[in-house]
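Here is how the chains run, residue by residue.
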Amino acid sequence: MTPVFAFGRHILNQIETGITKEWFEANGLGSYAMGTIVGANTRRYHALFVTTSPDTLRRNVLVNRVEESVLIHGRRVDCSCQEYPGSISPQGHLYLESFSYDPYPKWVYCIDDLKFEKSFFLRSGEETAVLIYKHLAGPPAKLILRPFFSCRDHNTLAREDARFKQAIKIEGRQVACAVPGIPEFFVSADGRPAAGEDQCKVYPDGYWYKNLVYAHEEERELDYQEDLFSPCQFHTEFALGEQAALVFSDRPIQHIELDKWVKQECAAREKTMENFPV
């Protein structure tokens, strides 16, 4: 049986406590993802897509984070969480109802009468990360996803520069990023309304977010502020039972098969756990 780690509002809604608890994912190839259970990155190693170059064994932080917002009842609610100098902004941890790790990280958000789940995993044996959002209850809403890129060695921090100016290419619902000296990678979006029509749209903007604070790096008396580049926003409508996803990979993903991937990953992890005695 896969072990379950779970936390409720009494931990998640308290930022000082929530940032002390972390999750970790690995794909068996040397690549990883990790972060805090409330979503605020506090270490330079916190990221959603960190790949390993097989020839040099260098680890590269590609996708640092994704910020989520929902449009509901005529207002926008930001669901993510991050520290900046002197403030926590946004404060999406206040909408977190639960976090569990079974068999990979899952978060449940409650905003008024809307409830949705976010789940994340690295595909075993592949350089692919999968971020899934599922509408659990309440009225239809618009989901807005903004990815943040670092494109750096995992031991360093990034500052605003010109390296992304010629590096980003957007075609349809896919973003390609090819920064010199960093492995090329792709971000693909999938909106899956129950009616079967894909309603996901990409809005390019290209914007730097400056001076994100990593609290654990500050405690270690190291450089602790970073600038991150966001190339675009993904917008999709979703209603009860519907899903949306972002996929990060070292190759273009032509067909996103969420149900198949989830079943494969659950089976792979269950098989791994069978090798460990209880």
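Residues numbered from 1 in each chain as written. Predicted model: local features only at pLDDT ≥ 70, side-chain atom pairs only at ≥ 80, totals over all residues. Heavy atoms only, no water.

Trainee: Can you help me understand helix α4 (residues 258-273) in this one?
Mentor: Compared with the 22 Å implied by 1.5 Å per residue over 16 residues, the 22 Å span of α4 between its first and last C-alpha is a close match. Every buried residue belonging to α4 is among L258, W261, E265 and R269, and all of these are buried. Here the buried residues of α4 occupy an arc of 65 degrees about the axis, which is enough to place them on one side. Opposite the packed face of α4, turned more than 90 degrees from it, sit the exposed residues K263 and K271. (Helix = DSSP H or I, 4+ residues; strand = E, 2+ residues; numbered from the N terminus. Expected span 1.5 Å × (residues − 1). Buried < 20%, exposed > 50% of the residue type's maximum accessible area, 1.4 Å probe, protein only. Arc of directions from axis to C-beta.)

Trainee: Which parts of the structure should I look at to understand the nonpolar core?
Mentor: Among the nonpolar cores identified, the biggest contains 56 residues, and F120, F234 and F248 are the most heavily contacted of them. Sequence-distant contacts of F248, defined by excluding residues within four places in its chain, comprise L48, F49, V63, V66, F120, E127, T128, A129, F186 and V187. Counting residues in hydrophobic clusters, the runner-up holds 10 residues, among them F121, I132, V247 and W261. (Core = buried A, V, L, I, M, F, W, Y, C linked by side-chain atoms within 4.5 Å. Contact = heavy atoms within 4.5 Å.)

Trainee: Can you walk me through the environment of H135 in this structure?
Mentor: Structurally, H135 is set in strand β12 (residues 128-137). On the basis of relative accessibility, which here comes to 1%, the residue H135 falls in the buried class. As a C-alpha pair, H135 and P180 span 45 residues in sequence and 38 Å in three-dimensional space. When sequence neighbours within four positions are dropped, the list of residues in contact with H135 reads L114, K115, F116, P140, F238, A239, L240, G241 and E242. Of note is the side chain of H135, whose polar atom sits 3.4 Å from the backbone nitrogen of L240. (Polar contact = N/O pair within 3.5 Å; in protein donor to acceptor, adjacent residues only side chain to side chain.)

Trainee: How should the environment of P90 be read in this particular structure?
Mentor: With respect to the helices, strands and loops of the structure, P90 is situated in strand β8 (residues 87-91). Residues P90 and A40 lie 50 residues apart in sequence; the distance between their C-alpha atoms is 9.6 Å. Setting aside anything within four residues of it in sequence, one finds P90 in contact with E67, D78, S80, C81 and Q82.

Trainee: Which parts of the structure should I look at to understand the pattern of salt bridges?
Mentor: Pairs can form between side chains of opposite charge once their charged atoms are near each other. For the coordinates displayed, the defined rule picks out 22 salt bridges. In this structure, the salt-bridge partner of D250 is R251, at a minimum N-O distance of 3.7 Å. On the basis of relative accessible area, D250 is assigned to the partly exposed category, the value being 40%. Within the structure, one salt-bridge network assembled from shared partners comprises R123, E126, D250 and R251. (Salt bridge = Lys/Arg side-chain N within 4 Å of Asp/Glu carboxyl O.)

Trainee: I keep staring at unusual backbone geometry and nothing clicks. Help me out?
Mentor: It is generally the case that most residues other than glycine have a negative phi and that most peptide bonds are trans. In this structure, the amide linkage connecting S89 to the following residue, P90, adopts the cis form with an omega of -10 degrees. Cis rather than trans, the peptide bond between D102 and P103 has omega equal to -5 degrees. Turning to its location among the elements, P103 is positioned in the loop between β9 (96-101) and β10 (105-111). Positive phi is not limited to glycine here, since L57 has a value of about 65 degrees. Along the polypeptide, L57 turns up in the loop between β4 (47-52) and β5 (59-72). Despite not being glycine, H73 has its phi angle at roughly 55 degrees, a positive value.

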